[in-house]
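Per-entry structural report
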Amino acid sequence: MKNIVILISGRGSNMEAVVRAAQSEGWPAKVAAVISNRPDAAGLAFAQARGIPTVVVPSKQFASRAEFDAALQQEIDCFAPDLVVLAGFMRILTGSFVEHYAGRMLNIHPSLLPAFPGLATHRQAIEAGVPEHGATVHFVTAELDHGPVVAQARVDVLPDDTEVTLAARVLVEEHKLYPYAVRLVIEDRLSIEHGVVRVLDTRLADTISH
Ligand code: GRF
């Protein structure tokens, strides 16, 4: 049984989607812990209700990014993670933290990377007038919102979309995309060559819409 540790900062709906899929689809993995950098993260209650250990490492109480990341790493490693899943974890990570989890840390970003890294992606997409927007799951590397892409989900941008309506439509896709991508990693169905991810076995490909 592999161990997944999920990091959140807020609502935690992507964390919920991964937890539900791991349990209902009988993955050879369990969510060993949910860790937040904010004590008020709403998602902690869902994890606790499911009997998943939760830990808070309050980022505000650390003098430097390096000290926070070191404390976080220590907490994560208590759960012997095979995979660390960033799910709305609103922190910029230090190089040594990223290096420690190289090849075993995923992030979900609400845009079709490499378009629109950073914040306010839905607004960026509307202002750029692109016909399509979406979400990307990628391995985490030192550069923010970069790293080998595991999977993407697309939605149309509609003429009357606002940031709110577009974000809601993307989020529905995120909740299918992230469990799909995490499962590919957990089941060792990916290879990474020269920064490009290949799916070795496409049996799961029809479980999400692209
Ligand atoms: C999601 O849109 C995710 O892509 C982004 O932050 C949001 C987190 O939402 N990184 P939630 O906490 O998973 O509900």
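Throughout what follows, the structure given in this document is the object of discussion. Just so it is clear, the model here is predicted, and its values are computed rather than measured. (Residues numbered from 1 in each chain as written. Predicted model: local features only at pLDDT ≥ 70, side-chain atom pairs only at ≥ 80, totals over all residues. Heavy atoms only, no water.)

What about the packing of helix α5 (residues 121-128) against helix α6 (residues 163-186)?
To keep it simple, the criterion reads: In this analysis, axes come from line fits to C-alpha atoms, helices being fitted only over the stretch in contact, and the angle between any two N-to-C directions falls in the range 0 to 180 degrees. Strands here mean DSSP runs of E at least two residues long; helices mean DSSP runs of H or I at least four residues long; both are numbered from the N terminus. Orientation is classified from the angle alone, with under 35 degrees giving roughly parallel, over 145 giving roughly antiparallel, 65 to 115 giving roughly perpendicular, and any other angle giving oblique. A clockwise turn of the near helix away from the far one marks a right-handed crossing, whereas an anticlockwise turn of less than a right angle marks a left-handed crossing. Throughout, a contact is declared for two residues whenever any of their heavy atoms are within 4.5 Å.
In the contact formed by α5 and α6, the axes pass within 9 Å of each other and the chain directions differ by 115°. What the angle tells us is that α5 and α6 run roughly perpendicular. Judged by the twist between their axes, the crossing of α5 over α6 is right-handed. For the pair α5 and α6, the contacting residues are His 122, Arg 123, Ala 125 and Ile 126 in the first and Glu 163, Leu 166, Ala 167 and Val 170 in the second.

Structural notes on the layout of surface pockets
Our working rule: For cavity detection a 1 Å grid was placed over the protein atoms alone, and a set of points counts as a cavity when a 1.4 Å probe fits there but cannot get out; an open set counts as a pocket when protein lies on both sides within 12 Å along at least five of seven lines, with lining residues being those that have an atom within 4 Å of a point. Grid points are joined across faces, edges and corners, and a volume is the space filled by probe spheres set on the points. As a working rule, the residues Ala, Val, Leu, Ile, Met, Phe, Trp, Tyr, Cys and Pro are called nonpolar, Asp, Glu, Lys and Arg charged, and the rest polar, with Gly in that last group. In this document the domain limits rely on a domain assignment from an automatic tool or a database.
If you add up the space inside the largest pocket, you get close to 960 Å³. Gly 88, Phe 89, Met 90, Ile 108 and Pro 110 are the residues nearest the centre of the largest pocket, which is lined by 36 residues in total. Of all the secondary structure elements, the ones that give two or more residues to the lining of the largest pocket are α1 (13-24), β5 (105-109), α5 and α6. Considering each element in turn, the lining of the largest pocket owes the most residues, four residues, to α6. Across the lining of the largest pocket, the residue classes break down as 16 nonpolar, 14 polar and six charged. Of the domains in this structure, domain 1 (1-101) and domain 2 (115-210) are the two that each give at least three residues to the lining of the largest pocket. Space inside the second largest pocket adds up to approximately 160 Å³. As for the second largest pocket, its lining consists of Asn 37, Arg 38, Pro 39, Asp 40, Pro 58, Ser 59, Lys 60 and Gln 61. Of the residues belonging to the lining of the second largest pocket, the class tally is two nonpolar, three polar and three charged.

Notes on the packing of α1 against α6
Contact pair α1 / α6: the axes reach a minimum separation of 9 Å and the direction vectors enclose 45°. Viewed along their axes, α1 and α6 adopt a mutual orientation that is oblique. By crossing handedness, the relation of α1 to α6 is classed as right-handed. In contact with Ser 13, Asn 14, Ala 17, Val 18 and Ala 21 of α1, α6 contributes Leu 171, Glu 174, His 175, Tyr 178, Pro 179 and Val 182.

Looking at the nonpolar core
Soluble globular proteins tend to bury their nonpolar side chains together. Here is the rule: Here, nonpolar core means buried Ala, Val, Leu, Ile, Met, Phe, Trp, Tyr and Cys residues that are tied together by side-chain atoms lying within 4.5 Å of each other. A 1.4 Å probe rolled over the protein chains alone gives each residue an accessible area, and that area as a share of the maximum for its type sets the label: buried under 20%, exposed over 50%, partly exposed in between.
Counting residues in each nonpolar core, the largest one holds 44 residues, and the members touching the most others are Ile 6, Val 34, Leu 106, Val 150, Tyr 178 and Val 182. With ten residues, the single largest contributor to this core is α6. When we break this core down by domain, the ones giving at least three residues each are domain 1 (1-101) and domain 2 (115-210). Ala 33, Ile 35, Val 57 and Phe 79 belong to the second largest nonpolar core, which has 21 residues in total.

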